[in-house]
Amino acid sequence: SQALMNGFGRCGGGGRRSAPRDPTPLFAVFTTVTRSDRALVVDVSATGVRLRGDRLPECNEALELSIENVRTFGTVIWSNEVECGIAFDAPLSAPDVSLLRSGVAELGGLPPQLRGALDDWLTGFAR
């Protein structure tokens, strides 16, 4: 039983996954003065982010944004029916940008039919 206890919780192969992780969409949660909602992160840089969804914040609206473990403040600088651009009040750190960009890049690995279905869902066509 001691040998069993010593092996508990360990994995072989240096901790690497035996199968690749399925790509998952990266969502941002935004909070304005009047509401809180979420949208898909399409692109991100140190100075801003582009979001896609059907209940986006309005142009010139100030908000708090949470993406993964990154929290920041910003202002919507442009908006159309399905996307908006948000400028951050202060630039993100290089490690935070790298973390978020890797999440956005994973979305590019989705099969085309799944990516299309996700776009339809986000823009409200499939509702």
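Just above sits the structure.
1. Some points on the sheet that holds strand β4 (residues 62–67)
Next, step 1: The strand order β1-β2-β3-β6-β5-β4 describes a closed barrel built from 6 strands, whose pairing is antiparallel. Shown here is a sheet whose adjacent strand axes are inclined to one another by a mean of 45 degrees, direction ignored.
Next, step 2: As defined by bridge partners, β4 adjoins strand β5 (residues 70–79) across 6 bridges and the pair is classed as antiparallel. What sits directly across from Ile 67, in β5, is Val 70.

2. Digging into the side chain of Thr 72
Next, step 1: Tracing the backbone shows Thr 72 in strand β5.
Next, step 2: With a relative accessible area of 12%, Thr 72 lands in the buried category.
Next, step 3: If we skip the residues at most four places from it in the chain, Thr 72 touches Leu 63, Glu 64, Leu 65, Phe 88, Ala 90 and Leu 92.

Rules used throughout
- Residues numbered from 1 in each chain as written.
- Predicted model: local features only at pLDDT ≥ 70, side-chain atom pairs only at ≥ 80, totals over all residues.
- Heavy atoms only, no water.
- Pairing = 2+ DSSP bridges.
- Helix = DSSP H or I, 4+ residues; strand = E, 2+ residues; numbered from the N terminus.
- Axes fitted to C-alpha atoms, helices over the stretch in contact; angles between N-to-C directions.
- Buried < 20%, exposed > 50% of the residue type's maximum accessible area, 1.4 Å probe, protein only.
- Contact = heavy atoms within 4.5 Å.

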